Amino acid sequence: MNIDSLQVACDYVSSSGFILSVEKKTALQASLTLVKDQQKFKKIYFLGKIIGLQNDYFICQGIENDELVNRKTLYSVDCVKWGLISNPNEETRRKCSMIKGRFIGDPSYIYENPSEKKSDDEHPNDTSIKEEDRLAVTVENIYHDVSVVPRGAFIRTSLGQVHKNKLFSGLTQVEAMKLSSYFHFRNPVLLQNKSLMEKADLDKALDFLDPIDVDIPQCGSWSLQQERGGAVIVLRSLHWLGFTAYHVPETQIFGYCYCGYGEKNLDLPFML
């Protein structure tokens, strides 16, 4: 959700339990406005928070020229001071995949991985990982798996850059209640499939993202609902419990946020 419309955007996801106090909203808007100026971002989005045992991590992303690539992710535990999250490498991702349980809320906390035995000549810290690194991997996974936008909200130019579509006037009420009207906002993975790319009704300027209606398990990855008498359409992820996307039909209003423990629901296939 855009930080400029944070007050209104929080109301759209309040039914999912995401509530910020007046103090937190004020601190977020003030501090992120400064971050935007200091880092020379064109836009800054608030992504939500990961609930920790001692402190919560508040997450935001800064946008430069392209809406899709080279986003910079920042975190804070007090909504005032923000730190930049570095991009994790494959080794960090591998180590973090073995860590289970709640976040502590301390970026400097060290996880020792008991599943990896240290040899005599191995450095004692080779199997450890900082919570800050685990946070980077978790945010990356959430953003990749469930960040969604309505069809037509973004457009890819002839130069390959992705920008907000100024002509987007919102989905109709009927379109907004179809999973096929929403796309993963990430570099496409499924569209590498030629059978999808060669569909005659695909618009290369609009349909350059992966659709969410083919997510596995199909008909079980998302919960799509109408709220406020159909005035707001809400998408909830069943993979990442706590993730909520929203769209107001016939308008340019849409967004998403996450409020959870930072743990993926791996039991979903057995719950359906």
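Throughout what follows, the structure given in this document is the object of discussion. The shown structure was predicted, so the numbers you read here are calculated from the model rather than taken from an experiment.

## So, the overall build of the protein
The helix and strand inventory of the protein stands at 7 helices and 14 strands. Here the protein holds 272 residues, and 47% of them are scored as buried. By sequence separation, contacts in the protein at least 24 residues apart represent 56% of the contacts at least 6 residues apart. Counting only carbon and sulfur atoms, one obtains 53% of the accessible surface of the protein, whose full area is about 14,300 Å².

## Quick word on helix 2 (residues 22–39)
Side chains of residues three or four places apart in an α-helix project in the same direction, reflecting 3.6 residues per turn. For helix 2, built from 18 residues, the straight-helix expectation of 26 Å at 1.5 Å per residue is met to within 8% by its first-to-last C-alpha distance of 26 Å. Taken together, the buried positions of helix 2 are Lys25, Leu28, Ser31, Leu32 and Val35. Around the axis of helix 2, the buried residues are gathered within 150° of arc, so they sit on the same side. Exposed and oriented more than 90 degrees from the buried face of helix 2 are Val22, Glu23, Leu34, Asp37 and Gln38. Along its buried surface, helix 2 packs onto helix 1 (6–12), strand 1 (43–50), strand 2 (57–63) and strand 3 (72–76). Downstream of helix 2 by one or two residues, lysine 40 has phi in the positive range, about 60°.

## With respect to unusual backbone geometry
Excluding glycine, residues mostly have negative phi values, and the peptide bonds linking residues are mostly trans. One non-glycine residue with positive phi stands out, namely lysine 40, at about 60°. Residue position: lysine 40 is located in the loop between helix 2 and strand 1. Residues other than glycine seldom take positive phi values, yet cysteine 79 does so here, at roughly 65°. By the secondary structure assignment, cysteine 79 is in the loop between strand 3 and strand 4 (83–85).

## Examining a nonpolar patch on the surface
Residues Val189, Leu190 and Val214 make up a contiguous nonpolar surface patch of about 190 Å² in total accessible area. Position of valine 189 among the secondary structure elements: in the loop between strand 10 (182–184) and helix 6 (194–197).

## Digging into the pairing of strand 1
Within strand 1, 7 of the 8 residues are buried, leaving the element largely enclosed by the surrounding structure. In this structure, strand 1 lies alongside strand 2, joined through 7 bridges in antiparallel fashion. Its bridge partner lying in strand 2, phenylalanine 46 is registered against cysteine 60. In this structure, the hairpin formed by strand 1 and strand 2 is closed by a connection of 6 residues. Where strand 1 lies against strand 14 (residues 254–260), 3 bridges are found, and the strand directions are parallel. Paired with lysine 49 across the strands is cysteine 259, a residue of strand 14.

## Details of the nonpolar core
Residues Leu135, Phe154, Phe185 and Phe243 are the most contacted members of the largest nonpolar core, which totals 39 residues. Tallying contributions element by element places helix 4 (residues 131–146) first for this core, with 6 residues. Counting 26 residues, the second largest nonpolar core, distinct from the first, contains Val13, Leu28, Val35 and Cys79.

## Let's talk about the sheet that holds strand 1
Paired through their backbone hydrogen bonds, the strands of a sheet run either parallel or antiparallel. As summarised here, the arrangement of the 8 strands in space is 4-3-2-1-14-13-12-11, forming an open sheet in which the pairing is mixed. Each having just a single partner strand, strand 4 and strand 11 (222–227) make up the two edges of the open sheet. The average angle at which neighbouring strand axes cross in this sheet is 25°, direction not considered. The pairing of strand 11 with strand 12 (residues 232–237) spans 6 bridges and is antiparallel. Directly across from glutamine 225, in strand 12, lies its bridge partner valine 234. Helix 2 rests against strand 1, strand 2 and strand 3 of the sheet, and its axis sits at about 135° to strand 1. Across the sheet, helix 4 touches strand 1, strand 2, strand 3, strand 4, strand 11, strand 12, strand 13 (243–247) and strand 14, and the angle it forms with strand 2 is around 60°.

## Some words on the side chain of asparagine 165
Mapping asparagine 165 onto the fold places it in the loop between strand 9 (162–164) and helix 5 (173–176). At 2.9 Å, the side chain of asparagine 165 and the backbone oxygen of glycine 152 are in polar contact.

## So, the environment of cysteine 10
The topology assignment puts cysteine 10 in helix 1. A sequence separation of 246 residues divides cysteine 10 from tyrosine 256, and the C-alpha atoms of the two residues are 9.6 Å apart. Excluding residues within four positions of it along the chain, cysteine 10 makes contact with Met1, Phe18, Leu20 and Lys25.

## Description of the state of the cysteines
In protein chemistry, a disulfide is the covalent bond that joins the sulfur atoms of two cysteines. In total, this model carries 0 disulfides according to the counting rule given. The thiol sulfur of cysteine 257 is not disulfide-bonded, and the nearest other cysteine sulfur, from cysteine 10, lies at 7.1 Å.

Cut-offs used in this document
Residues numbered from 1 in each chain as written. Predicted model: local features only at pLDDT ≥ 70, side-chain atom pairs only at ≥ 80, totals over all residues. Heavy atoms only, no water. Helix = DSSP H or I, 4+ residues; strand = E, 2+ residues; numbered from the N terminus. Buried < 20%, exposed > 50% of the residue type's maximum accessible area, 1.4 Å probe, protein only. Contact = heavy atoms within 4.5 Å. Areas by Shrake-Rupley, 256 points an atom, 1.4 Å probe, with all protein chains shown as cover. Expected span 1.5 Å × (residues − 1). Arc of directions from axis to C-beta. Patch = residues over 30% accessible without salt bridge, like charges linked within 9 Å, V, L, I, M, F, W, Y side chains within 5 Å. Salt bridge = Lys/Arg side-chain N within 4 Å of Asp/Glu carboxyl O. Pairing = 2+ DSSP bridges. Core = buried A, V, L, I, M, F, W, Y, C linked by side-chain atoms within 4.5 Å. Axes fitted to C-alpha atoms, helices over the stretch in contact; angles between N-to-C directions. Polar contact = N/O pair within 3.5 Å; in protein donor to acceptor, adjacent residues only side chain to side chain. Disulfide = S-S within 2.5 Å.

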